[in-house]
Amino acid sequence: MRVRHEKMAQTRAANTMRKARLIRQMVDEHYEPGRQDRNRKWVYRNIVVKIYPMSLTTFWRYMRLTRNEADLTDKANNAGQLRLF
């Protein structure tokens, strides 16, 4: 019984990360850094919520999850890079 619950937890975590990546992709497509009227909150309200209903807190949590994932891949890509300081 315990193995079944652990598998379900792993699947749930994988599905959450997949959804977070999809949301990050939508934000990257529609967010415009220089424009005040196309900020991430606008993307959340007008694009993301219509496809994936969620609270603003959940949206920011997903953004944080994918940001941490991007940082890890950047560190892995620069593993052989020498540092100046």
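Residues numbered from 1 in each chain as written. Predicted model: local features only at pLDDT ≥ 70, side-chain atom pairs only at ≥ 80, totals over all residues. Heavy atoms only, no water.

It is not clear to me how the confidence of the model for the chain should be interpreted in this structure. Could you clarify?
Fine structural detail should not be taken from predicted coordinates in areas where pLDDT scores are low. When pLDDT is averaged across the chain, the result is 83; 74% of the residues are at 70 or more. Highest mean pLDDT in the chain belongs to helix H2 (residues 40–51) (95); lowest belongs to helix H3 (residues 56–77) (78). (pLDDT = per-residue confidence, 0-100. Helix = DSSP H or I, 4+ residues; strand = E, 2+ residues; numbered from the N terminus.)

Would you take a moment to explain the pattern of salt bridges for this structure?
Side chains that carry opposite charge are capable of pairing whenever their charged atoms lie near each other. Across all of its chains, the model carries 3 salt bridges by this definition. A salt bridge links aspartate 37 to arginine 35; the nearest nitrogen and oxygen atoms lie 2.9 Å apart. When its relative accessible area of 39% is taken as the criterion, aspartate 37 is described as partly exposed. You can call arginine 35 partly exposed: its relative accessible area is 36%. Between arginine 38 and aspartate 37 there is a salt bridge; the shortest N-O distance is 4.0 Å. (Salt bridge = Lys/Arg side-chain N within 4 Å of Asp/Glu carboxyl O. Buried < 20%, exposed > 50% of the residue type's maximum accessible area, 1.4 Å probe, protein only.)

What should I look at first to understand the nonpolar core in this one?
Side chains of nonpolar character tend, in soluble globular proteins, to be buried together. One finds Ala20, Ile23, Met26, Val27, Val43, Tyr44, Ile47, Val48, Met54, Phe59, Tyr62 and Met63 forming the largest nonpolar core, which totals 12 residues. Residues in contact with valine 43, not counting those within four places in the same chain, are Met26, Val27, His30, Tyr31 and Val48. (Core = buried A, V, L, I, M, F, W, Y, C linked by side-chain atoms within 4.5 Å. Contact = heavy atoms within 4.5 Å.)

Looking at this model, I keep getting lost on the environment of histidine 30. Mind explaining?
The topology assignment puts histidine 30 in helix H1 (residues 2–30). Separated by 10 residues in the primary sequence, histidine 30 and arginine 40 have C-alpha atoms spaced 8.4 Å apart. In contact with histidine 30, not counting residues within four places along its chain, are Arg38, Val43 and Ile47.

How should the side chain of threonine 66 be read in this particular structure?
The residue threonine 66 is located in helix H3 in this model. Among all residues touching threonine 66, those that are not within four sequence positions of it are Ala20, Arg21 and Arg24.

Sorry, what's going on with H2 here?
In an α-helix there are 3.6 residues to a turn, and that puts residues three or four apart on one side. Compared with an ideal rise of 1.5 Å per residue, which puts 12 residues at 16 Å, H2 spans 15 Å between its outermost C-alpha atoms and is within 8% of the ideal. Those residues of H2 lying buried are Val43, Tyr44, Ile47 and Val48. In a view along the axis of H2, the buried residues occupy a sector of 130°, so they form one face of it. Facing away from the buried side of H2 by more than 90 degrees, the exposed set consists of Arg45 and Lys50. (Expected span 1.5 Å × (residues − 1). Arc of directions from axis to C-beta.)

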